[in-house]
Amino acid sequence: MKVIDLIHNNKKTAFSFEILPPLKGTGIEKLYQTVDTLREFDPKYINITTHRSEYVYKDLGNGLFQRNRLRRRPGTVAVAAAIQNKYNITVVPHILCSGFTREETEYVLLDLQFLNITDLLVLRGDKAKHESVFTPEGDGYHHAIELQEQINNFNKGIFVDGSEMKVTNSPFSYGVACYPEKHEEAPNIESDLYWLKKKVEAGAEYAVTQLFYDNKKYFEFVEQAKAAGINVPIIPGIKPFKKLSQLSMIPKTFKVDLPEELVKEALKCKTDAEAEQVGIEWCVTQCKELMSHGVPSIHFYSIGAVDSIKKVAKIIY
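Residues numbered from 1 in each chain as written. Predicted model: local features only at pLDDT ≥ 70, side-chain atom pairs only at ≥ 80, totals over all residues. Heavy atoms only, no water.

The next subject is the overall build of the protein chain. For the protein chain, the helix and strand inventory stands at 11 helices and 10 strands. Its C-alpha atoms give the protein chain a radius of gyration of 20 Å, within 12% of the compact-globule value 20 Å for 317 residues. Along the three orthogonal principal directions, the C-alpha set of the protein chain runs to about 60 × 60 × 45 Å. If you take every contact in the protein chain between residues at least 6 apart in sequence, the share linking residues at least 24 apart comes to 76%. Accessible surface for the protein chain amounts to roughly 16000 Å². Of this, 50% is attributable to carbon and sulfur atoms. Counting 40 positive and 41 negative side-chain charges, the protein chain places the averaged centre of each group 4 Å from the other. (Helix = DSSP H or I, 4+ residues; strand = E, 2+ residues; numbered from the N terminus. Rg over C-alpha atoms; globule rule 2.2 N^0.38 Å. Contact = heavy atoms within 4.5 Å. Areas by Shrake-Rupley, 256 points an atom, 1.4 Å probe, with all protein chains shown as cover. Lys, Arg positive; Asp, Glu negative; His and termini not counted. Charge placed at Lys NZ, Arg CZ, Asp CG, Glu CD.)

In structure tokens form, the structure reads like this:
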């Protein structure tokens, strides 16, 4: 069943979460532990992130360095298949513009279709660490909507070179990202909403937000989206605050504000353990308010926060 159907068919607010593929060479068992920890709360689907290659520098020992390309977290397709087979849970691999050519994307789509994995989250992705601005890989795409077009054509049985498939299988369905506090590269929220509407018109069935800590900004964004003619479910993306260092790290990394009340409570903490408890309590309050407003689903970003999310989920579900 497609993600959009899982959401619509659920009588209460649905639950989902996101995981990372394991670091190269570390195995999948720890990832299974994460799924085991959270699946008691009946997740309707699990997202699996995708990561581009980056340049790394190897010290040759003679004063010179060798530049190599390395993917630290390969295996998104394999991880998605492993989780689907082991747990019989719908999986949603991320498909990126960042770091992938059109042909590489096509091969990913073919592999996923062979595995009967047909739900995707379509994203532009972050720029590479060595880039000052986002740059496509080879003939890859600048924007998620261009990637959507390739997926739409694939669904119609058309390869990226224009040739036709002899056999077509189940089409892909997909969601996209959105930003209640606007994307960092957008000049204003109106521009951001314009492009979100274009992505919906191009076939996105739902949107998942960047993490946020102020529900008011989410509710305002949903109203603005509706006023702009965007009528797909907008799923709140949530991650519990956990460490004192996140007071500066979260705004810098994710370009979101931390509410004054949360900051005041965090500053009273002397240890990360105390800060984690503040984060759990704040997240519970956030989720309860979102659920009381009838949000279709809550999507948890689980990286580094599995234990906190379990404690939150035990209270709200």
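Running from amino to carboxyl end, helix 4 (residues 102-114) crosses helix 5 (residues 144-155) at an angle of 45 degrees, the nearest separation of the two axes being 11 Å. One element, helix 4, and the other, helix 5, form an angle in the oblique class. In the packing of helix 4 onto helix 5, the handedness of the crossing is right-handed. Where helix 4 approaches helix 5, its residues Arg102, Thr105, Glu106, Leu109, Leu110 and Gln113 are matched on the opposing element by Leu147, Gln150, Ile151 and Phe154. For the contact of helix 4 with helix 5, the per-class residue count stands at five nonpolar, three polar and two charged. (Axes fitted to C-alpha atoms, helices over the stretch in contact; angles between N-to-C directions. Parallel < 35°, antiparallel > 145°, perpendicular 65-115°, else oblique. Left-handed = near helix turned anticlockwise from the far one by under 90°. Nonpolar A, V, L, I, M, F, W, Y, C, P; charged D, E, K, R; others polar.)

Pairing within the closed barrel is parallel, and its eight strands lie in the order 1-2-5-6-7-8-9-10. Put simply, the sheet's adjacent strands are angled 30 degrees from each other on average, direction ignored. Pairing between strand 8 (residues 207-211) and strand 9 (residues 234-238): three bridges, direction parallel. Looking at the pairing, Leu211 lines up with Gly237 of strand 9. Contacting strand 1 (14-19) and strand 2 (45-48), helix 2 (residues 29-38) runs over the sheet at an angle of about 165 degrees to strand 1. Sheet strands in contact with helix 6 (residues 189-201) are strand 7 (173-178) and strand 8, and its direction is about 175 degrees off that of strand 7. (Pairing = 2+ DSSP bridges.)

The next thing to look at is the pairing of strand 8. Here is the key point about a regular strand: its side chains alternate between the two faces of the sheet. When you tally the buried positions in strand 8, you get five out of five residues, the bulk of the element. Here strand 7 runs beside strand 8; their pairing, made up of three bridges, is parallel. Among the inter-strand pairings, Cys178 is bridged to a residue of strand 8, identified as Thr209. You can see the chain leave strand 7, run along helix 6 and come back into strand 8, and the turn it takes is right-handed. Where the polypeptide runs from strand 8 across helix 7 (residues 215-227) and back to strand 9, its parallel neighbour, the crossover connection is right-handed. (Buried < 20%, exposed > 50% of the residue type's maximum accessible area, 1.4 Å probe, protein only. Right-handed = clockwise from strand over helix to strand, strands pointing away.)

A separate point is the nonpolar core. Across soluble globular proteins, you tend to see nonpolar side chains buried next to one another. In terms of nonpolar packing, the biggest core is built from 67 residues, with Ile83, Leu120 and Phe300 touching the most fellow members. If you tally residues by element for this core, the top one is helix 3 (residues 76-87), at seven residues. Residues within four places of Leu120 in sequence aside, it is in contact with Val92, Pro93, Ile95, Leu109, Leu112, Ile151, Phe172, Ser173, Tyr174, Gly175 and Tyr206. In this structure, Ile235, Phe241, Val256 and Cys269 belong to the second largest nonpolar core, which totals 26 residues. (Core = buried A, V, L, I, M, F, W, Y, C linked by side-chain atoms within 4.5 Å.)

Every buried residue of helix 2 is listed here: Leu31, Tyr32, Thr34, Val35, Thr37 and Leu38. Looking at the buried positions of helix 2, the neighbouring elements they touch are strand 1, strand 2, helix 3 and helix 11 (306-316).

Looking now at the pairing of strand 1. By the criterion of burial, strand 1 is predominantly enclosed, with six of the six residues buried. Side chains Ala14, Ser16 and Glu18 project from strand 1 onto one buried face, and the interleaved Phe15, Phe17 and Ile19 project onto a second face that is buried too. Sheet topology places strand 1 next to strand 10 (residues 297-301); five bridges connect them, and they run parallel. When the sheet's bridge partners are listed, Phe15 is paired in strand 10 with Ile298. Traced from strand 1 through helix 2 to strand 2, the parallel crossover comes out right-handed.

This part takes up the pattern of salt bridges. Under the defined criterion, the tally for this structure stands at 10 salt bridges. With its nearest N and O atoms 3.8 Å apart, the salt bridge here joins Lys310 to Glu40. Of this pair, Lys310 sits in helix 11 while Glu40 sits in the loop between helix 2 and strand 2, placing them 270 residues apart in sequence. We note a salt bridge from Lys44 to Asp42, for which the minimum N-O separation is 2.7 Å. Here the residues in one salt-bridge network are Glu181, Lys217 and Asp257, joined through shared partners. (Salt bridge = Lys/Arg side-chain N within 4 Å of Asp/Glu carboxyl O.)

This part takes up the environment of Gly304. Checked against the element boundaries, Gly304 lands in the loop between strand 10 and helix 11. Sequence-wise, Gly304 and Lys239 are 65 residues apart; in three dimensions their C-alpha atoms are separated by 9.4 Å.

This brings us to a negative patch on the surface. Residues Glu103, Glu104, Asp139 and Asp161 make up a contiguous surface patch of negative charge. Mapped onto the fold, Asp161 is located in the loop between helix 5 and strand 7. (Patch = residues over 30% accessible without salt bridge, like charges linked within 9 Å, V, L, I, M, F, W, Y side chains within 5 Å.)

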